[in-house]
Amino acid sequence: MQLFGAYAVLLAFVLAVYAFVAGVVGHLRRRRRLIVSAERATLAVFPALTVAVLCLIGLIFRNDFTVAYIAEHSNRALPFYFKIAVLWSGQEGSLLFWSWLLSGYAFVVLLGGRLRPGRAADELSPKHAHRALVPLASVILAGVEVFFLALNNFAASAFASLPVGTPADGNGLNPLLQYSQMDIHPPLLYLGYVGFAVPFAFCLAALLKRYPGDRWIHITRRWTMVAWLFLTIGIVLGGLWAYKVLGWGGYWAWDPVENAAFLPWLTGTAFLHSVMMQEKRGMLKIWNVWLVFATFLLAIFGDFLTRSGLVSSVHAFAQSSIGGWFVIFLAIAVAVCLAAFFKNKDFLKSENPLESTASREAGFLFNNFVLLVAAFAILWGTLFPVISEWVEGQKISVGRVFFDRINVPIFLFLLFLTGVGPLLAWRRTSAASLKRNFLGPAILGAAVLALCLAMGWRDPYPLVCFALAAFVLAIVAMEFYRGARVLSRRSRRGLALSAVELTMRNTRRYGGYIIHVGIVLLAVGIAGSGFNQQTEGPMPYRAKLAVGPYTLTSLAYTQDDNANFSSEALIVRVDQGGREIATMYPSRRFYKASNQTQSMVADRSTLLSDLYLVYAGDDPETNQPILHAYWNPLIAWIWIGALVIGFGTIIALLPSRTAAARRENPPARVAETAEVAQV
Amino acid sequence: MTLLAAFACVFFTALAAWFVFAGDERLPEDSPAAARLRALRERKQAIYDNLRDLHFEFLAGKLAQPDYQRSRQMLETEAARVVREIQRCGEAS
Ligand code: HEM
């Protein structure tokens, strides 16, 4: 199986190289057969890699420790659901997994781009336009595959044997990865990172072909949404993992690897907004192309940061030599983007100028500007240790304070824009329209601010955040209400049903608004950290500790043992207002295969706050167990917000019922073809 | 075992080669005139969608009358230009 797996990876590499070379030559010389065979080779990479991945999983389940990767990352006692996670828990396996996902995306793109017999004749159909771009996009995807498959074959093979002997058992999976969130966090994150290769491929293909029309931008937007959805959920699950596993009471530490995932998310978000300006008004074409390029390059850069050991991080793989490969690939990719852009720049001329600063277009421009400032600040802070080492010969890291100080005001402004943007009209908004739309939400925001002040809260950031949250929520609710009211009058249905109908008529817009609600909830959850409390202390039998509204009492201490780990737990009673409300079990595990100890957080989560307990081991001097206790208000809203974002994104990805809307609500009197033609 | 693996490798290589070279799909021809016409039609559709959106926002009470009138007029002018161009392309082809 080991030999066969290695062979399958090699076959995939050969196929990808062929697809790339034949595709490039086929396009340059206009050789149809070469282009078709290149496309088919790109398709075939996926089954080949699927075989390879299945072989590796088979070897993991067979505990075949002759394979170095498995001896390093698995062990016999590892439960089967964590054995799957072995696939992506180390450098080599995760690179194979990455290539497999990339080939899977290419496979779906190619199958989706096929024309059913009979359709090819209609040159004017959108499907035809899609098909026309697929061959070149698939060559670009094959080019990206060549790079990753080269790594899989020549730099980090998952099927390499141990140099000598076969150990009786493996070193085991890193204890930090033995959590259920870890089973799905990396695949989702990777689906996000890798997915940005698809919009990149279509965008570059359209630029190289100087493809007229907007079809390519629709395709690019759709695929960006898919990757963005996965990346968003992957990032939030990463935060959830950090929160539940790392035991420091927080979920986001501005760690380089967290930042690396956040960067393409920011540029991707910017693109999802600026793309609307191109679709609606033919504006910002150059900007959009560069946002797509930047998002892809940042995704690769993020992978590079995680894998090269350039910066140290709890999420990163060990120091390795593959960084050089990434630098070369990134340099080539940047060169290709620049060359394609300068050669075809004239193709990206804007069709309309910006007419007013009080317009939807200006709102999107601000949105993009703010998102990019945030991205730049985070990139700068992340790379500061490297830059300072180059310049001063000394690694200086900027901490949380830097990131918080810069980003909190930026994101509050973004939250404000999230409310304002959807209410601005395209082209120009008069003062009358502004007043009509903003007055109610602004009053509500001010009322919330006054209420918070009256409650004695003084920390400015959470205050502003809550007021803005009320402002944005009011605007979204108003948008749904007004639209539903129009439909309800027409159809005589209830408002709730009309709101659903409204959403399905314009999934993109109302899905987008649902996403904004998710962002608001997430912001509220983050703002809650302004009220966090934490304490720690020894917890011998009957000792007490107070945190937030709770009193904790140590009741007992237990121990357990199984094949994978031994554990010890504190039993803690939780009282609130003199009444017992829960018993919690913060514990520590000692993993036998890897000889590592890991704290297991006990978390009691409600919509209002989390009580988060960490058993930090025994005090070496007194031998008494030490408990760290955290009271984290509103944190559950972060995870709820992420679910709402996911739901909204799925809605936004559904096709709108615009065809039906076109029939029922034609722009008739305003734009009948014949009538308009005479204007 | 090794022999079996070697046999499987040869078999899959042959299968992959057959798959790659056996296809003879017709790729859609995309004449510049058709691509241009398609782009214009997409533009027209986008403008019509914008008009419908505008109308709906007006009905929902988001826009003041003068804002609505001005935007509508601009979109109509743009639509007229695109429709004229489509007609010209249609005649030319
Ligand atoms: C981090 C903050 C934000 C996130 C994550 C976000 C995300 C999104 C997403 C994913 C969509 C759907 C796009 C599509 O379906 O193609 C959307 C729609 C939209 N966003 Fe945002 N957004 C954010 C902030 C903003 C801001 C600051 C503005 C202000 C200009 C804005 C204005 C809009 C508008 C107007 C729509 C609906 C577009 C339509 O009519 O179809 N968003 N947003």
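These figures come from a predicted structure and were not determined experimentally.

Cut-offs used in this document
Residues numbered from 1 in each chain as written. Chains lettered and ligands numbered in written order. Predicted model: local features only at pLDDT ≥ 70, side-chain atom pairs only at ≥ 80, totals over all residues. Heavy atoms only, no water. Helix = DSSP H or I, 4+ residues; strand = E, 2+ residues; numbered from the N terminus. Rg over C-alpha atoms; globule rule 2.2 N^0.38 Å. Buried < 20%, exposed > 50% of the residue type's maximum accessible area, 1.4 Å probe, protein only. Areas by Shrake-Rupley, 256 points an atom, 1.4 Å probe, with all protein chains shown as cover. Near = heavy atom within 4 Å. Polar contact = N/O pair within 3.5 Å; in protein donor to acceptor, adjacent residues only side chain to side chain. Nonpolar A, V, L, I, M, F, W, Y, C, P; charged D, E, K, R; others polar. Salt bridge = Lys/Arg side-chain N within 4 Å of Asp/Glu carboxyl O. Contact = heavy atoms within 4.5 Å. Buried area = accessible area lost by both parts, 1.4 Å probe. Axes fitted to C-alpha atoms, helices over the stretch in contact; angles between N-to-C directions. Left-handed = near helix turned anticlockwise from the far one by under 90°. Phe/Tyr/Trp six-rings, centres within 6.5 Å; stacked < 30°, edge-to-face > 60°. Lys NZ or Arg CZ within 6 Å of the ring centre and 35° of its normal. Expected span 1.5 Å × (residues − 1). Arc of directions from axis to C-beta. Disulfide = S-S within 2.5 Å. pLDDT = per-residue confidence, 0-100. Pairing = 2+ DSSP bridges. Core = buried A, V, L, I, M, F, W, Y, C linked by side-chain atoms within 4.5 Å. Domains from an automatic or database assignment.

Looking only at helices and strands, one finds 22 helices and 10 strands in chain A. Taking 2.2 N^0.38 as the reference for a compact globule, 679 residues should give roughly 26 Å; the C-alpha atoms of chain A span a radius of gyration of 27 Å, in line with that estimate. Along the first, second and third principal axes, the C-alpha set of chain A runs to 90 × 70 × 55 Å. Counting over 679 residues, chain A shows a buried share of 58%. If you sum the accessible surface of chain A, you get close to 27700 Å²; carbon and sulfur atoms cover 65% of it.

All names here are of chain A. Taken together, the neighbourhood of the ligand is formed by 24 residues, with Arg-221, His-273, Arg-508, Arg-509 and His-516 sitting nearest. The separation between a nitrogen atom of the ligand and a polar side-chain atom of His-273 is 2.8 Å. Between the ligand and the protein, one listed contact pairs an oxygen atom with a side-chain N or O atom of Arg-509 at 2.8 Å. Among the secondary structure elements, those contributing two or more residues to the shell around the ligand are α9 (215-246), α10 (256-281), α13 (360-392), α14 (400-420) and α18 (507-527). Across the shell around the ligand, the residue classes break down as 12 nonpolar, 8 polar and 4 charged.

Next up on the list: the pattern of salt bridges. Using the criterion set out here, one finds 22 salt bridges over all chains in the structure. Residues Arg-62 of chain A and Asp-64 of chain A are paired through a salt bridge, measuring 3.9 Å at the closest nitrogen-oxygen approach. Among the residues examined, Arg-62 of chain A registers a relative accessible area of 51% and is labelled exposed. You can call Asp-64 of chain A buried: its relative accessible area is 15%. The salt bridge partner of Glu-76 of chain B is Arg-72 of chain B, with a shortest N-O separation of 3.3 Å. With Glu-76 of chain B and Arg-72 of chain B both in helix α3 (residues 65-92) and 4 residues apart, the pair spans about one turn of that helix. A relative accessible area of 14% means that Glu-76 of chain B is categorised as buried. Each of the salt bridges in this network shares a partner with another, and the network as a whole consists of Lys-280, Arg-360, Glu-479 and Arg-509 of chain A together with Asp-53, Glu-57 and Lys-62 of chain B.

Bringing the interface of chain B and chain A into the picture now. In this complex, chain B contributes 60 residues to the contact, which on the side of chain A involves 76 residues. Buried surface at the junction of chain B and chain A, summed over both partners, amounts to about 5700 Å²; 55% is from carbon and sulfur atoms. On the chain B side of the contact with chain A, Arg-52, Phe-56 and Lys-62 of chain B bury the most area, a combined 13% of that side's loss. Our enumeration of links across chain B and chain A arrives at 6 salt bridges. The shortest N-O distance in the salt bridge between Asp-53 of chain B and Lys-280 of chain A comes to 3.0 Å.

Turning to the packing of helix α15 (residues 431-454) of chain A against helix α16 (residues 460-491) of chain A, a few remarks are in order. All names here are of chain A. α16 packs onto α15 with a crossing angle of 145° between their chain directions and a minimal axis gap of 8 Å. Crossing of α15 against α16: the hand is right-handed. Facing Arg-436, Asn-437, Phe-438, Pro-441, Ala-442, Leu-444, Gly-445, Val-448, Leu-449, Cys-452 and Leu-453 of α15, the residues of α16 in contact are Leu-463, Phe-466, Ala-467, Ala-470, Phe-471, Ala-474, Ile-475, Met-478 and Arg-482. Its residues assigned to classes, the contact of α15 with α16 shows 16 nonpolar, 2 polar and 2 charged.

A full pass over the atoms with the stated rule returns 53 aromatic pairs over all chains. Both rings, one in Phe-262 of chain A and one in Phe-411 of chain A, keep their centres 6.0 Å apart while their planes meet at 25°; by these two values the pair is stacked. In this pair, Phe-262 of chain A is assigned in helix α10 and Phe-411 of chain A in helix α14, connecting sequence segments 149 residues apart. For Phe-262 of chain A, a relative accessible area of 13% translates into the label buried. Each ring, one from Trp-457 of chain A and one from Phe-466 of chain A, has its centre 5.9 Å from the other, and the planes form 55°; the classification is tilted. For Phe-466 of chain A, a relative accessible area of 10% gives the class buried. Above the ring of Phe-19 of chain B, the side-chain terminus of Arg-40 of chain A is found at 4.4 Å from the ring centroid.

It is worth spelling out helix α12 (residues 323-344) of chain A at this point. Residues and elements named next belong to chain A. Here α12 is 22 residues long and its end C-alpha atoms lie 32 Å apart, about the 32 Å a rise of 1.5 Å per residue gives. Among the residues of α12, Gly-323, Phe-326, Phe-329, Leu-330, Ala-333, Cys-337, Ala-340, Phe-341 and Asn-344 are the ones counted as buried. End-on view of α12: buried residues confined to an arc of 120°, all on one side of the axis. Facing away from the buried side of α12 by more than 90 degrees, the exposed set consists of Ile-328, Phe-342 and Lys-343.

All names here are of chain A. Applying the stated criterion across every chain yields a total of 0 disulfides over all chains. Sulfur of Cys-337: no disulfide; nearest cysteine sulfur belongs to Cys-203 and is 8.4 Å away. With no disulfide of its own, Cys-452 lies 9.9 Å from the sulfur of Cys-465, the closest cysteine sulfur.

Looking now at the confidence of the model for chain A. Model confidence for chain A is summarised by a mean pLDDT of 89, while 93% of its residues fall at 70 or above. When the criterion is pLDDT under 50, residues 668-679 of chain A qualifies, and its contacts beyond four places in sequence or with other chains add up to 22 contacts.

What follows deals with the sheet that holds strand β10 (residues 625-633) of chain A. Neighbouring strands of a sheet are bound in pairs by backbone hydrogen bonds; such pairs are parallel or else antiparallel. All names here are of chain A. Taking strand neighbours across the sheet as the criterion, the 4 strands line up as β1-β10-β9-β8 in an open arrangement whose pairing is antiparallel. The strands lining the two open edges of the sheet, one partner per strand, are β1 (533-538) and β8 (602-605). Each neighbouring strand pair of the sheet contributes to a mean axis angle of 15°, computed without reference to strand direction. Pairing geometry for β8 and strand β9 (residues 609-618), over 4 bridges, is antiparallel. Bridge assignment links Ser-605 to a residue of β9, and that residue is Asp-610.

Here we come to unusual backbone geometry. One non-glycine residue, Arg-542 of chain A, lies in the positive phi region at around 75°. Tracing the chain through its elements places Arg-542 of chain A in the loop between β1 and β2 (544-547).

Time to look at the nonpolar core. Nonpolar side chains tend toward joint burial in soluble globular proteins. Residue and element names in this part refer to chain A. Among the nonpolar cores identified, the biggest contains 163 residues, and Leu-15, Leu-56, Leu-96, Phe-148, Phe-159, Phe-202 and Trp-216 are the most heavily contacted of them. Here this core takes 17 residues from α9, the largest share from any one element. Of all hydrophobic cores here, the second largest spans 32 residues; its members include Phe-438, Cys-452, Leu-502 and Tyr-510.

Residues and elements named next belong to chain A. By the assigned domains, chain A splits into domain 1 (1-173), domain 2 (179-423) and domain 3 (531-636). Between the C-alpha centres of domain 2 and domain 3 there is a distance of 38 Å. Listed per partner, the contact involves 8 residues of domain 2 and 11 residues of domain 3. For the domain 2 face of the interface with domain 3, the top three residues by lost area are Tyr-179, Tyr-243 and Lys-244, together amounting to 56%. Applying the counting rule to domain 2 against domain 3 returns 1 salt bridge. Close ionic contact of Asp-603 with Lys-244 constitutes a salt bridge, the shortest N to O distance being 2.7 Å. At the boundary of domain 2 and domain 3, one finds 8 residue pairs in polar contact (both at pLDDT 80 or more). Split by residue class, the side of domain 2 that touches domain 3 holds 5 nonpolar, 2 polar and 1 charged.

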